[in-house]
Amino acid sequence: MFISSLFSGITKYFVSQTRSLVRLSKDKVGVIGVPSCKGQSAGGVQHGPKALRQAGIIDKLTQLGVEVYDYGDLVFEQFDDDTPILGLKNPKNIGLAAKKISDQVSRVIKDDQIALTLGGDHSLSIGTIHGHAAAEKNMCLVWVDAHADINTPLTSPSGNVHGMALSFLVKELKEYIPQIPHFEWIKPCISAKDIAYIGLRDLDPGELWIVRNMGISCFTMHEVDRYGIDMVLRMSMQAINPHGDRPIHLSFDVDSLDPRISAATGTPVPGGLSVREGIYIAEELAATGKLTAVDLVEVNPLLGTKEERDLTVYAVYMFIISGLSLCVI
Ligand SMILES: NC(=[NH2+])NCCC[C@H](N)C(=O)O
Ligand SMILES: [Mn+2]
Ligand SMILES: [Mn+2]
C-alpha cells in the first residue's frame, strides 16, 4: 500500500517533469557550411563541413521531421598577399569572409530558420554572431569551449584569430581593439553581461583579465564538476536570459569535449565535457524554444587516427541531432 502510493507519487512527479517533445524556436533549420581555416595554423579544419555532411546530419534531421534548407558551403576568395597586422594573421581573408558569413546568417534567421553553421575554425563566429545580432537585437550567447577565444590582437600569444573571435564583438572591449584593415565594418554587438561561457579550462593571461573584469558569466570545468551540467545551464540562463525571452546563440567548439572523444581538433585540452554533457547543453537550450543559431566548429578531419576522427564526427552528429530534432521522448 505504502510502496504503491509512493510509486504512483514518483510516477506523477516524473510525468509532470517530462517534456514530451523539445520545443524548437523555429521548425526550420538553415545549414551553412563555412570551410574556414585561416584563423588557426593546422591544415584540415576546412574539411569539417564536408565530414559533418557525410556523417548524414541533414538526412537524419529531415527523417526526424525537421524542415532543412541546405545552403551549401560559402565560397571565399583566397588572398595570398595577406601580411599580418600587429601579429594578427590573415586579416584580409578573415575580415572579408566574416562579412559574407554575417550576411548569410542574418538572411537565414530573418527567413525564420535556425542558422546551423558547420565549420571551419572558430574565427567564423565573428560573422555568425554579428549576423545573428543584426537579425535579432536582443540575442544572447552561450559559448561552449575549452578556450575563451577573447584575446585582443594585442594580448594574443599566437596571432590566430580563432583565439580572438569574441574580442571584436564585445561592446566593453571596444577601446582595447586596435584598427585592423578589413575588420572596420565589425561593430561590437553584444554586451559582456549577455554572454555565458561553459567548459573553459585553458585561458591566456589577457583573457583571464578580461573575463574577470568585464562581467562575463563563466562556468569553467570546475563548475561543471562541482554543480553538474544541469545546474550550470540553469545558472547560465539565470544570468543571461532570466525571463527566457531572448534568442539564444550557441557557439560550440568541439574541443570543449574531452579529447578522448574529440581528438580530431587543432587545440585539444584534457579534462573536458563528456559526450552526454555536451549533448545535454544542446537539448536543454533547444528546449527553451529560443535557440536561434548554432555554430559547430573546429572539427579537423585530418587530425588523429581514423577511429579518433570517426568518434569526433559522431559526437558532433549526436549533438546536432539531439539538439535540433524532436527526439526527446
Ligand atoms: N578556437 C580555438 N580552438 N581557440 C584556441 C585558442 C588558443 C589560444 N588561446 C590562442 O589564442 O591562440
Ligand atoms: Mn577551443
Ligand atoms: Mn573556440
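The coordinates are above.
Residues numbered from 1 in each chain as written. Chains lettered and ligands numbered in written order. Predicted model: local features only at pLDDT ≥ 70, side-chain atom pairs only at ≥ 80, totals over all residues. Heavy atoms only, no water.

Take the sheet that holds strand E1 (residues 28-34) next. The strand order across the open sheet built from eight strands is E2-E1-E3-E8-E7-E4-E5-E6, with neighbouring strands paired in parallel fashion. If you trace the sheet from one side to the other, it starts and ends with strand E2 (67-73) and strand E6 (217-220), each paired once. Pairs of neighbouring strands in the sheet enclose a mean axial angle of 15°, with direction left out of account. As paired strands, strand E3 (residues 114-119) and strand E8 (residues 291-297) are joined by four bridges and run parallel to one another. (Pairing = 2+ DSSP bridges. Helix = DSSP H or I, 4+ residues; strand = E, 2+ residues; numbered from the N terminus. Axes fitted to C-alpha atoms, helices over the stretch in contact; angles between N-to-C directions.)

What follows deals with the pattern of salt bridges. All told, the structure shown has nine salt bridges when counted by the stated rule. With a shortest N-O distance of 2.6 Å, Lys306 and Asp310 are connected by a salt bridge. Note that Lys306 and Asp310 are positioned in helix H10 (residues 306-324) at a spacing of four residues, about one turn of the helix. Taken together, the shared-partner salt bridges in this structure form one network comprising Arg53, Asp70 and Asp73. (Salt bridge = Lys/Arg side-chain N within 4 Å of Asp/Glu carboxyl O.)

Turning our attention to the coordination of the manganese ion (ligand 3). With distances of 2.1 to 2.2 Å, the protein atoms coordinating the manganese ion (ligand 3) are His122 (ND1), Asp145 (OD), Asp149 (OD) and Asp253 (OD). Expressed as a motif, the donor residue spacing for the manganese ion (ligand 3) is H-x22-D-x3-D-x103-D. (Donors = N, O, S within 2.8 Å, 3.2 Å for Na, K, Ca; no water.)

Attention now goes to the site of ligand 1. The local shell around ligand 1 holds 13 residues, among which Asp149, Asn151, Ser158, Asp204 and Thr267 are the closest. Interatomic distance of 3.2 Å between a side-chain N/O atom of Asp253 and a nitrogen atom of ligand 1. Here ligand 1 loses 93% of its free accessible area of 350 Å² to cover by the protein chains. Per-class residue counts for the shell around ligand 1 are no nonpolar, seven polar and six charged. (Near = heavy atom within 4 Å. Polar contact = N/O pair within 3.5 Å; in protein donor to acceptor, adjacent residues only side chain to side chain. Areas by Shrake-Rupley, 256 points an atom, 1.4 Å probe, with all protein chains shown as cover. Nonpolar A, V, L, I, M, F, W, Y, C, P; charged D, E, K, R; others polar.)

So, about the pairing of strand E4 (residues 140-144). Most of E4 sits out of view: five of its five residues are buried. Here E4 shows no split at all, with Cys140, Val142 and Val144 on one side and Leu141 and Trp143 on the other all buried. By the bridge criterion, five bridges tie E4 to strand E7 (residues 248-253) in an arrangement that is parallel. What sits directly across from Trp143, in E7, is Ser251. Of the pairings in the sheet, the one linking E4 to strand E5 (residues 195-200) comprises four bridges and is parallel in character. What sits directly across from Val144, in E5, is Ile198. (Buried < 20%, exposed > 50% of the residue type's maximum accessible area, 1.4 Å probe, protein only.)

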